[in-house]
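Structure at a glance
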Amino acid sequence: MRRFRDRPIRQKLTVALLSTSVAVLLLAAITFSAYEYVNFRDDVVRTLGTQGDVTAESSTALLTFGDEQAGNETLSVLRSDPHILAAALYRADGRLFAAYRRTDRLALQLPSIPPREGYFFAPDYLEVSRPILVGRRSVGTLYLRSDLELMRARLVRYLAITASVSVAALLVALWLSARFQRIITQPILELAAAAEKVALEKSYATRVESPGRDELGTLVTAFNDMLAQVQQRDAALLAENVERRQAEAEVRQLNTRLEERVLERTAQLNVSNVDLRAAKERAESANRAKSIFLANMSHELRTPLNAIIGYSELLAELAEEQGKADFVSDLEKIRFSGRHLLSLIRNVLDLAKIEADRFEVTPEPVDVKALVDELVATGAVLASAGNNRFRADAEAGIGTLVTDGKFLRQILLNLISNACKFTKDGDVRVSVMYEPAAPGPSGICFAVADTGIGIPETELSRVFEEFHQVDGSTTKRVGGTGLGLAIARRLSELLGGTLDVESTAGSGSTFYLRLPATPVRELKTA
Ligand code: ADP
């Protein structure tokens, strides 16, 4: 059986109304019945008492004269009342004077002594006892016993009526409750049905008609408002979902397109890679061919050039001996141009070799002190041409450096020769110092400083470019190929180092060659 709590609200209301009605009716019926019972008893007692009084009155003379037969006759009058069960008259001394018993109750025992005045209710009967007085003197006692049939019949009738009225009242209450409860339950049922529909079908457009302005009306309005909000959010969500799905589809489409593009590009790249590899191989073989050509050409050029230079020197000496000064200066020009061309060819060859990666670095221990002594010797000759002072020194304790000595000498000679070229009556100085460089590995720095013409700031970064020369009469005068610094920087890089310059136009330049203290091979494999 379902619990009362789970029953439909209509049933609950019916049960509540009916149980209230039943309780009220029961209480009223019990109260009235009790009241009526007491009334009935009083009536019975009063009626029997009156009957007793009448009988006692008519028995006064009989008892006074002791006429027993008349006494029995007087009592037998009571036969007319079917409810009187028995009657008795007692003398003043308590002896029985006359008696009456209803024919069907002959065996009924009468009290042996007269009961005291008053009445007594037994379950089935009522006894009344009355003194028989003459004036104020008692001459005997009358005893009456009556059944309670009359009272019972009235009580039964009363209860039957009460029951009928109660049932009728209950039916009316049931009918009224059915009518009135609909006012309350109908909106609730509609609300419940709408809620169920919303839950099952998700149809947020559902609305419930408001029953009025009471609490139920408020509830229904709130429910409708809530549904309206949910409907609005649902629509927004739906729109958002559609948008998201569209965006996802677009993203998927884009992805597909992207994948296609990637595949396409990969295929193109593969083709390009193949082309590039072929081009690279072609370029490499062309480069090799170029290097071989340059090496051959330089050899081929150098041989006749050396002959031209040699013969021009020889002819110059002869001309000088023969006093032909005009020839001497012309032959000097040939010799100068030949030398210039020779150095140009050498430089171009070096550059070509570097580019073709054909310069092999051969690390070896280089004694820095011995190197400095070498530089002093060479530098002094170069410096003397411009009337410059030359100095070279190394910081104490530098010792040996592992690097390619040939390349290191080439770089330093180039820097010293430049310093001497662009300085007049000044100083050229080479300093070697240990540099615990931070950050980066510690190293050794070769600084080549001069007090010459210097380099304008705008030209500083360009002096390392191939064939670049700073414009100016000095440069033109001293000549050069514009390749020396480019080669020096490439060689520095080959040795794992750097080459930089600091300069102020008019007051000199300092070139810094920084090489790692670590051996070159170790550096390359690191
Ligand atoms: P070049 O053979 O002309 O000297 P470099 O590459 O050695 O070629 O030098 C490039 C240019 O840098 C030079 O022409 C000169 O103008 C400038 N230069 C190089 N060293 C110095 C220096 N010590 N002082 C002033 N200018 C310099």
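Just above, that's the structure.
Figured I'd write up the structure that's included with this text. (Residues numbered from 1 in each chain as written. Predicted model: local features only at pLDDT ≥ 70, side-chain atom pairs only at ≥ 80, totals over all residues. Heavy atoms only, no water.)

1. Considerations on the pattern of salt bridges
Keep this limit in mind: What counts as a salt bridge is simple: a side-chain nitrogen of Lys or Arg found within 4 Å of a carboxyl oxygen of Asp or Glu. Only DSSP runs of H or I with at least four residues qualify as helices, and only runs of E with at least two residues qualify as strands; both kinds are numbered from the N terminus onward.
Tallied over the full model, the rule gives 22 salt bridges. Residues Glu284 and Lys280 are paired through a salt bridge, measuring 3.3 Å at the closest nitrogen-oxygen approach. Placement of the pair is Glu284 and Lys280 together in helix 4 (residues 215–321), with a separation of four residues, close to one helical turn. Three or more residues are tied together by salt bridges with common partners; here these are Glu313, Glu332, Arg335 and Arg339.

2. Concerning the packing of aromatic side chains
Aromatic ring pairs are reported here in terms of the distance separating the ring centres and the angle at which the planes meet. Note the cut-off: The rule is short: rings of Phe, Tyr and Trp, with Trp giving its six-membered ring, pair when the centres are within 6.5 Å, and they are stacked under 30 degrees, edge-to-face over 60, tilted in between.
Here the structure, examined in full by the defined rule, presents two aromatic pairs. Ring centres of Tyr119 and Phe121 lie 6.2 Å apart, and the angle between their planes is 85°; on these two criteria the pair is classed as edge-to-face. An angle of 75° between the planes, with centres 6.3 Å apart, marks the rings of Phe464 and Phe511 as edge-to-face. Taken together, the residues Phe464 in the loop between strand 10 (443–450) and helix 8 (473–478) and Phe511 in strand 12 (residues 508–516) connect sequence positions 47 residues apart.

3. Brief notes about the sheet that holds strand 10
Note: strands within a sheet are paired through backbone hydrogen bonds, in either parallel or antiparallel orientation. Test applied: When DSSP finds two or more bridges between a pair of strands, those strands are recorded as paired. With axes taken as lines fitted to C-alpha atoms, and helix axes fitted only over the stretch in contact, angles between N-to-C directions fall between 0 and 180 degrees. Note on definitions: a residue-residue contact is assigned when non-hydrogen atoms from the two residues lie within 4.5 Å.
Strand order in the open sheet formed by five strands is 7-9-10-12-11, and the pairing between neighbours is mixed. The open sheet has two free edges, formed respectively by strand 7 (389–394) and strand 11 (498–504), since each of these has just one partner strand. Taken pair by pair, the neighbouring strands of this sheet meet at an average axis angle of 15°, ignoring direction. Relative to strand 10, strand 9 (residues 427–435) is paired through eight bridges, and the arrangement is antiparallel. Paired with Tyr434 across the two strands is Ile444, which belongs to strand 10. Against the sheet, helix 7 (residues 405–421) touches strand 7, strand 9, strand 10, strand 11 and strand 12, its axis set at about 20° to strand 10. Contacts from helix 9 (residues 484–494) reach strand 11 and strand 12, with the element oriented near 135° to strand 11.

4. Overview of the environment of Ser285
As a reminder of what qualifies: Per-residue accessibility, obtained with a 1.4 Å probe over protein chains only, is compared with the maximum for each type, and a residue is labelled buried under 20%, exposed over 50%, and partly exposed between these values.
Position of Ser285 among the secondary structure elements: in helix 4. Owing to a relative accessible area of 36%, Ser285 belongs among the partly exposed residues under this scheme.

5. Some remarks on the pairing of strand 10
Most of strand 10 sits out of view: seven of its eight residues are buried. Note that strand 10 and strand 12 share seven bridges and pair antiparallel. Residue pairing in the sheet places Cys445 in a bridge with Arg514 of strand 12.

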